[in-house]
Amino acid sequence: MDKTILLIGPGLDDGTRTAKLAEHLAGRFRVLTMRRRQYRPELKPGNAPCSIAEEVEDVLALAEDVEGPLVVYGHSSGGIVALEALVAAPARFTAAVIYEAPIVLGPPLGGAALTRARAALAEGKPGRALTIFMRDTVQLPAWQAWLIGKVVALAPPYRALVPHQIDDLEAIDRLGARLDEYSRVAVPTLLVGGDRSPAHLARRLDALERALPRADRVVLHKQGHSADVKVPARLAEAISTFVDKSR
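Residues numbered from 1 in each chain as written. Predicted model: local features only at pLDDT ≥ 70, side-chain atom pairs only at ≥ 80, totals over all residues. Heavy atoms only, no water.

## Observations concerning the environment of Ala 233
Then comes step 1: Mapped onto the fold, Ala 233 is located in helix H12 (residues 232-245).
Then comes step 2: Between the C-alpha atom of Ala 233 and that of Asp 13, which follows or precedes it by 220 residues, the distance is 20 Å. (Helix = DSSP H or I, 4+ residues; strand = E, 2+ residues; numbered from the N terminus.)

Here is the structure:
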């Protein structure tokens, strides 16, 4: 186990989202997981949103304690945190895996949907806020976004995370378009997507693939944005193959 993989989860993550993936990677690598600051109210004074840069600080603090080669994996908004960590400390990482990072390409990611979601939260309707996010930002079908909103609204632990998901969206919009910065990331990078994910996520991966000088691409067939939960062994194998090849 000469390599370490640091897993950065997506939105709505209480720190357990990457557990299944970590289990499948642990036989071949040392694996570190983290609970992102954006989803830890105790680390957000006054419950104020934190920036992507603040989350990058946490990633780099963990990286300082790692000896030897370090690979960073980032899923969805966690992929943006991973990309920004690569920009901030390019010499610290030997490879990266990015799963459908919703990078900004011109217009804001949230835009008017962010305003509507904030209004729903102000009215005490987190389920409605999440429905707006899932439908208008993630671009899931309306019925699916509505169902997710209803289910999450009935689950207190996840309902409590909804305001932080909206904070996450706002942080991405504030970061803005960063393809020029990402084009200077020189480490081998695997871009992962599912062929059943919303089409805009594939377009964002396309843009990353064009920008990154050493990008590979893997498409997980019959999977969407949650392959890390649904087929963690399959995703772990893709990651392992890539990391071994990147020696």
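## Let's talk about a nonpolar patch on the surface
Then comes step 1: There is a patch of nonpolar side chains on the surface, built from Trp 143, Trp 146, Leu 147 and Val 151 and spanning about 480 Å² of accessible area.
Then comes step 2: Note that Trp 146 resides in helix H6 (residues 142-153). (Patch = residues over 30% accessible without salt bridge, like charges linked within 9 Å, V, L, I, M, F, W, Y side chains within 5 Å. Areas by Shrake-Rupley, 256 points an atom, 1.4 Å probe, with all protein chains shown as cover. Salt bridge = Lys/Arg side-chain N within 4 Å of Asp/Glu carboxyl O.)

## Focus on the packing of helix H4 (residues 112-122) against helix H8 (residues 162-175)
Then comes step 1: H8 packs onto H4 with a crossing angle of 155° between their chain directions and a minimal axis gap of 11 Å. In terms of orientation, H4 lies roughly antiparallel with respect to H8. The hand of the H4/H8 crossing is left-handed. In contact with Leu 114, Ala 117, Arg 118 and Leu 121 of H4, H8 contributes Val 162, Pro 163, Ile 166, Asp 167, Leu 169, Glu 170 and Asp 173.
Then comes step 2: Across the contact of H4 with H8, the residue classes tally to 7 nonpolar, no polar and 4 charged. (Axes fitted to C-alpha atoms, helices over the stretch in contact; angles between N-to-C directions. Parallel < 35°, antiparallel > 145°, perpendicular 65-115°, else oblique. Left-handed = near helix turned anticlockwise from the far one by under 90°. Contact = heavy atoms within 4.5 Å. Nonpolar A, V, L, I, M, F, W, Y, C, P; charged D, E, K, R; others polar.)

## Considerations on the side chain of Arg 204
Then comes step 1: When you line up the elements, Arg 204 lands in helix H10 (residues 199-211).
Then comes step 2: Lacking a salt bridge, the buried Arg 204 has Asp 173 as its closest oppositely charged neighbour, with an N-O distance of 8.0 Å.
Then comes step 3: Setting aside chain neighbours within four positions, we find Arg 204 in contact with Ala 101, Pro 102, Ile 103, Val 104, Leu 105 and Leu 109. (Buried < 20%, exposed > 50% of the residue type's maximum accessible area, 1.4 Å probe, protein only. Lys, Arg positive; Asp, Glu negative; His and termini not counted.)

## Things to note about unusual backbone geometry
Then comes step 1: Positive phi, close to 60°, is recorded for Asn 47, a residue that is not glycine.
Then comes step 2: Here Asn 47 lies in the loop between strand E2 (30-34) and helix H2 (52-64).
Then comes step 3: Of note, the phi angle at Gln 139 is positive, near 70°, even though the residue is not glycine.
Then comes step 4: Under the relative-accessibility criterion, Gln 139 is labelled partly exposed at 40%.

## Brief notes about the sheet that holds strand E5 (residues 189-194)
Then comes step 1: One open sheet accounts for 6 strands, arranged E2-E1-E3-E4-E5-E6; its pairing is parallel. Among the strands making up the open sheet, the edge pair consists of E2 and strand E6 (215-220). For this sheet the average axis-to-axis angle between neighbouring strands, irrespective of direction, equals 20°.
Then comes step 2: Bridge count between strand E1 (residues 4-8) and strand E3 (residues 70-75): 5 bridges; the pairing is parallel. In the strand pairing of E3, Thr 4 is matched with Leu 70. (Pairing = 2+ DSSP bridges.)

## Some remarks on the environment of Leu 25
Then comes step 1: Inspection of the secondary structure puts Leu 25 in helix H1 (residues 19-25).
Then comes step 2: Assessed through its relative accessible area of 0%, Leu 25 is described here as buried.
Then comes step 3: For the pair Leu 25 and Ala 236, spaced 211 residues apart in sequence, the C-alpha to C-alpha distance is 5.8 Å.
Then comes step 4: Aside from chain neighbours lying at most four places away, what touches Leu 25 is Ile 5, Leu 7, Val 31, Ala 236, Ile 239 and Ser 240.

## A closer look at the packing of helix H5 (residues 126-137) against H8
Then comes step 1: Axis separation between H5 and H8 bottoms out at 9 Å; the angle between their running directions is 35°. Taken as a pair, H5 and H8 cross one another with a handedness that is left-handed. Within the contact between the two elements, H5 uses Pro 126, Ala 129, Leu 130, Phe 133 and Thr 137 and H8 uses Val 162, Gln 165, Ile 166 and Leu 169.
Then comes step 2: For the contact of H5 with H8, the per-class residue count stands at 7 nonpolar, 2 polar and no charged.

## Structural notes on a positive patch on the surface
Then comes step 1: Together, Arg 196, Lys 222, Lys 230 and Arg 234 give the surface a local cluster of positive charge.
Then comes step 2: Mapping Arg 234 onto the fold places it in helix H12.
Then comes step 3: Overall, Arg 234 belongs to the partly exposed group, its relative accessible area being 36%. (Charge placed at Lys NZ, Arg CZ, Asp CG, Glu CD.)

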